[in-house]
Amino acid sequence: MALTQNPEPKTQNPKENLRIFLTGVGGQGTLLASRLLGEAALAAGYNPMVSETHGMAQRGGIVVSTVILGDLQSPLISAGEADIVLGFEALEAFRALDRCHAKTLVIANTATQVPYPVAIGQARYPSVAQMFQRLAAQVGALLAFDAGALAHKSGSPLAVNMVLLGALAATDSLPIPAQDILSVICTRTKEKFLASNLQAFDLGAAAARDPGNWQRR
Amino acid sequence: MSELLTGSAGERRLFLGNEAIVRGALEAGVALVTTYPGTPASEIGDRCYGISRQTDLQFEFSTNEKVALEVAAGASACGWRVLCAMKHVGLNVAADALMTLAYVGVKGGMVIVSADDPSLFSSQNEQDNRYYAKLAGLPMLEPATPEEAKAMTLAAFALSEQLKVPVLLRTTTRVNHTRGPVTLGELAARPGPGRFYKDPFHLVMVPAVARQAHVRLLAAQDQARALAETSVFNEISGAGAWGIVTSGVAGTYAADALTELGLTGKVRLLKLGFTHPLPATLLGDFLAQVSKVLVVEELEPYLEDGLKAIAQDRGLSLTIRGKGPGLFSRLYEYHPGLVREVVARFFGVASEAPVPLVPEKILEQPLPDRPPNLCAGCPHRAMYYAVKIALKDLGVEGIFPTDIGCYTLGLLPPLSMADYLICMGSSVSTAAGISLATGQKVVAFIGDSTFFHSGLPALVNAVHHKHDFLLVILDNGTTAMTGHQPHPGVSLMPPGYPGEHVPIVRVVKALGVEQLWVVNPFKYKESLAATKEALTASGIRVLISQAPCHLYAQRLSGKRRTARFQVTKSCGECRDCLDNFGCPAMYLEKGDAGQLQIDQELCSGCAFCVQWCENIRPVGVAGKGKE
């Protein structure tokens, strides 16, 4: 290839900017969730940027990823700039409050994974109810429910990511149709998990339709 | 089949920066890829290994980065296109080869990927490897996105062949680990066998030959500078009397900042992708058209210093700023908000920065940390425990030089068994220095892959000079930290892995180590007894702790152990397991006054704790476990 050739055709995306921040604990499937969102966005004609945490942080540490849509080039989300937060674990959802602004939609799992310092009595895990009450008072809307229990119910305890994606798709806050996300799940998940993943997605969507799970300012 | 081998030209795919680099290399017809795994470059090797099992691509996880670079150099000298990938500090290991390979030059195109790690997400330093391009005199391309990573990799092969020198592709973690749309081109066929044509008076770097080679290298740099002047990777956008010069992912933050601040009509943005040699005319002309310039680059003021020198040459006296108080830091990764703030301040425009919410303040209490930890069932923890208890029983304090891998997490309490670390392999050699200077009881820890990487010469040195310390080789059969890549001593390997097994025990014996113990760390009594013997002996001693990485063994076999353990009696005041062992499956019920319990989901069934605590007993499977 000649060096003077243009390296890529630039697709313009005049669509609205959307910054999605995903956070959880190593092993919860945050990276797959952000990748699936990115794939669905690409299929829908967007230029998504998805950034991931790899390496040391995955040994039981915090794993965050971002999905950015619209007329933006940056793959990262600064403090106060996430439009949507997907919290895979209660404490981590609350910790991501520093990414939120007054209109942020937070979708959070109320199930907890106790960090080691808490397990051995060196630190205290804050009250989940109190965390979500304070969080709801700061952001646009909070959709919180036990995604871990719904994942269990779907037959795959590891499907918390599918539950949260289902909930997100059902909120109508994405410019991508739920059907596009579902079709990416179908092509990207292993045969033996497909049925449980789809069920987990549906259970998450149902949770989003339950007004009892919502707190709005 | 690897998804990097599928798809037709023009199709758009969502690739990780590292995958985009591999795709670019495949489109360039790369014949050989070599690497030593290291975050954030690891996926390059992982993907290439998979592809090498499905195609005629040659690939190896070399024993270290210097070896990787030299293997690649040899093949390039025979006409093959080669790619060599490593993390930034890996290039230090390969630097000896790099500096003179620049003189020797290449025949087939050679691309060296240096993956830098601003913010030290998983590294021991955050050095800026752009200076290696300057030091070695080699052309360098710096992608900002996966799309550019692919395009630049492809272009770098052509550039390397045109100039007959290796090309440095310098990335940062944020580029390696961002997924973005990548437009596919055609895959190229690999060329078949190459041939080495003898040419010793150009290829053997004795002084008389190297003097001429240096002349050629400087000429190649002049040619490279001319190409940089017109490279499509150096792009100017926007208009106005002010300027920004940027490179890498920081350029995406700068571009967004200009859009969001409404400055695109006031500030010209020069985004550099071909960053060594710097295009002096392009930059000089740019500087001549603006009254002040902000340089937006992560880490060191590489571009900034270059721009100031060019301004001096052209007799320009405009303001050029980048690093400094109130501007950018030389520390850590940048982010969009930070760049926007500095851009707004520098050009004197208002910025509506959101007031960040502080979770701790809103909750009115601290949030517990979530430090990474060795897994439940990790053999390293079992070995650390035996050494800890052996030292305690002997009443001796141990000093623990450590090394780079999962086991570096032994730094954290309650293990607290890491006292000194510089770089790969340093455990063995620094142990020699510490014991020489102090006579203290020194126990060095190194992993199996790191031992082959750079522990070997240090151990030979210790044998030869009769140093006095115990080296514990934590052999878990794989390179666990970076994602379970194989190495010469592997016992756990991906299906079909063709590498010849080089057993560590045989290597250590062959190096002349006479005092050698081999233990299974999960057999507590035996490992404790062996450790005590090894600790009380003098001279150079090696203890090899052999047990597979639990995580990887489980993944390879697809089976979980079914045995589980539980605390069956009250522990009273005893907190031995929490104070000395720290398995993540153990927890205290209801805070620090509670009874110790074992989480049945997290327990790996390794049956180690049950050997030293009589309160812990096996429990029935009771419907748990099997998956």
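Residues numbered from 1 in each chain as written. Chains lettered and ligands numbered in written order. Predicted model: local features only at pLDDT ≥ 70, side-chain atom pairs only at ≥ 80, totals over all residues. Heavy atoms only, no water.

Peer 1: Tell me about the overall build of chain B, residues and numbers included.
Peer 2: For chain B, the helix and strand inventory stands at 22 helices and 23 strands. For 627 residues, the compact-globule estimate of 2.2 N^0.38 gives 25 Å, and chain B sits close to it at 27 Å. If one aligns the C-alpha atoms of chain B with their principal axes, the spans along those axes are about 80 × 70 × 55 Å. When contacts within chain B are restricted to residue pairs at least 6 apart in sequence, those whose partners lie at least 24 apart make up 79%. (Helix = DSSP H or I, 4+ residues; strand = E, 2+ residues; numbered from the N terminus. Rg over C-alpha atoms; globule rule 2.2 N^0.38 Å. Contact = heavy atoms within 4.5 Å.)

Peer 1: Give a description of the side chain of Lys323 of chain B that names residues and reports values.
Peer 2: All names here are of chain B. For Lys323, the location among the structural elements is in the loop between strand S14 (319-321) and helix H14 (336-347). No salt bridge forms around the buried Lys323; measuring N to O, its nearest opposite-charge neighbour Glu297 is 5.4 Å away. Within polar-contact distance, the side chain of Lys323 engages the backbone oxygen of Glu297 at 2.5 Å. With residues near it in sequence (within four places) discarded, Lys323 still touches Glu297, Glu298, Leu299, Glu300, Pro301, Glu304, Phe328, Ser329, Arg330 and Tyr334. (Buried < 20%, exposed > 50% of the residue type's maximum accessible area, 1.4 Å probe, protein only. Lys, Arg positive; Asp, Glu negative; His and termini not counted. Salt bridge = Lys/Arg side-chain N within 4 Å of Asp/Glu carboxyl O. Polar contact = N/O pair within 3.5 Å; in protein donor to acceptor, adjacent residues only side chain to side chain.)

Peer 1: Please set out the domain arrangement of chain B residue by residue, giving values where relevant.
Peer 2: By the assigned domains, chain B splits into domain 1 (3-230), domain 2 (235-347), domain 3 (379-557) and domain 4 (564-619). Placing a centre on the C-alpha atoms of domain 2 of chain B and another on those of domain 3 of chain B gives a separation of 48 Å. (Domains from an automatic or database assignment.)

Peer 1: Talk me through the packing of helix H16 (residues 379-394) of chain B against helix H20 (residues 524-536) of chain B; I want residue IDs and the actual numbers.
Peer 2: All names here are of chain B. H20 packs onto H16 with a crossing angle of 55 degrees between their chain directions and a minimal axis gap of 9 Å. The angle between the axes of H16 and H20 places the two elements in the oblique class. In this structure, the crossing between H16 and H20 has a hand that is right-handed. On H20, the residues touching Met383, Tyr385, Ala386, Val387, Ile389, Ala390, Leu391, Asp393 and Leu394 of H16 are Tyr524, Ser527, Leu528, Thr531, Lys532, Leu535 and Thr536. Of the residues contributing to the contact of H16 with H20, the split by class is 11 nonpolar, 3 polar and 2 charged. (Axes fitted to C-alpha atoms, helices over the stretch in contact; angles between N-to-C directions. Parallel < 35°, antiparallel > 145°, perpendicular 65-115°, else oblique. Left-handed = near helix turned anticlockwise from the far one by under 90°. Nonpolar A, V, L, I, M, F, W, Y, C, P; charged D, E, K, R; others polar.)

Peer 1: Lay out unusual backbone geometry in plain terms, naming residues and giving numbers.
Peer 2: All names here are of chain B. Across the junction of His276 and Pro277, the peptide omega takes the value -10 degrees, indicating a cis bond. Looking at the secondary structure, you find Pro277 in the loop between strand S12 (274-276) and helix H12 (280-288). With an omega of 5 degrees, the peptide bond between Pro413 and Pro414 qualifies as cis. The residue Pro414 is located in the loop between strand S15 (398-399) and helix H17 (426-438) in this model. Non-glycine residue Ser119 carries a positive phi angle of around 85 degrees. Tracing the chain through its elements places Ser119 in the loop between strand S5 (110-116) and helix H6 (130-136). Ser119 sits in the partly exposed class, given a relative accessible area of 25%. Positive phi, normally seen in glycine, also occurs at Tyr332, with a value near 65 degrees.

Peer 1: Now, about the sheet that holds strand S18 (residues 515-519) of chain B: what can you tell me, with residues and values included?
Peer 2: Residues and elements named next belong to chain B. One open sheet holds the 5 strands; their spatial order is S15-S16-S17-S19-S18, and the pairing between them is parallel. Unpaired on one side and paired on the other, S15 and S18 mark the two borders of the sheet. Strand contacts of helix H18 (residues 448-464): strand S16 (441-447), strand S17 (469-475) and strand S19 (540-546), with the helix running at about 145 degrees to S16, the strand carrying the most contacts. (Pairing = 2+ DSSP bridges.)

Peer 1: An account of the interface of chain B and chain A is needed here, citing residue identities and associated values.
Peer 2: Taken together, the contact pairs 74 residues of chain B with 66 residues of chain A. Overall, the association of chain B and chain A removes approximately 5,900 Å² of surface from exposure, summing both partners, and the carbon and sulfur fraction of that is 60%. In this assembly, chain B and chain A are joined by 8 salt bridges. Of all the secondary structure elements, the ones that give two or more residues to the side of chain B that touches chain A are strand S1 (12-16), helix H7 (146-163), strand S8 (178-183), helix H10 (207-230), helix H11 (250-260), H14, helix H15 (359-363) and strand S21 (586-588) of chain B. By residue number, the principal contributor to the side of chain B that touches chain A is H7 of chain B, which donates 8 residues. Looking at chain direction, strand S2 (residues 49-52) of chain A and S8 of chain B are connected through 2 bridges and run antiparallel. In the sheet register, Ser51 of chain A faces S8 of chain B, and the bridge partner there is Thr178 of chain B. (Buried area = accessible area lost by both parts, 1.4 Å probe.)

Peer 1: With reference to specific residues and values, describe the confidence of the model for chain B.
Peer 2: With 98% of its residues at a pLDDT of at least 70, chain B reaches an overall mean of 96. Counting interchain partners and residues more than four positions distant, the pLDDT-below-50 stretch residues 622-627 of chain B has 5 contacts. (pLDDT = per-residue confidence, 0-100.)

Peer 1: Which residues make up a nonpolar patch on the surface, and what values go with them?
Peer 2: Residues and elements named next belong to chain B. A surface patch of nonpolar side chains, amounting to about 310 Å² of accessible area, comprises Phe196, Leu203, Val204 and Val206. Along the chain, the position of Phe196 falls in the loop between S8 and helix H9 (200-203). With a relative accessible area of 44%, Phe196 lands in the partly exposed category. (Patch = residues over 30% accessible without salt bridge, like charges linked within 9 Å, V, L, I, M, F, W, Y side chains within 5 Å. Areas by Shrake-Rupley, 256 points an atom, 1.4 Å probe, with all protein chains shown as cover.)

Peer 1: Run through the sheet that holds S14 of chain B, naming residues and quoting values.
Peer 2: Residues and elements named next belong to chain B. Strand order in the open sheet formed by 5 strands is S9-S11-S10-S13-S14, with mixed pairing between adjacent strands. In this open sheet, the two strands that pair with only one neighbour each are strand S9 (235-237) and S14. Neighbouring strand axes in the sheet, compared pairwise and without regard to direction, differ in orientation by 15 degrees on average. Note that strand S10 (residues 242-247) and strand S13 (residues 292-296) share 5 bridges and pair parallel. Considered in S13, the bridge of Thr246 is made with Val296.

Peer 1: Outline the pairing of strand S11 (residues 267-272) of chain B, supporting the account with residue identities and numerical values.
Peer 2: Consecutive side chains along a regular strand alternate between the two faces of the sheet. Residue and element names in this part refer to chain B. Counting buried positions over the 6 residues of S11 gives 5, a clear majority of the element. In terms of strand pairing, S9 meets S11 through 3 bridges, oriented antiparallel. Within the sheet, the bridge partner assigned to Ile236 lies in S11 and is Leu270. Relative to S11, S10 runs parallel, the two sharing 6 bridges. Within S11, the residue paired with Val245 across the bridge is Leu270. Traced from S10 through H11 to S11, the parallel crossover comes out right-handed. (Right-handed = clockwise from strand over helix to strand, strands pointing away.)

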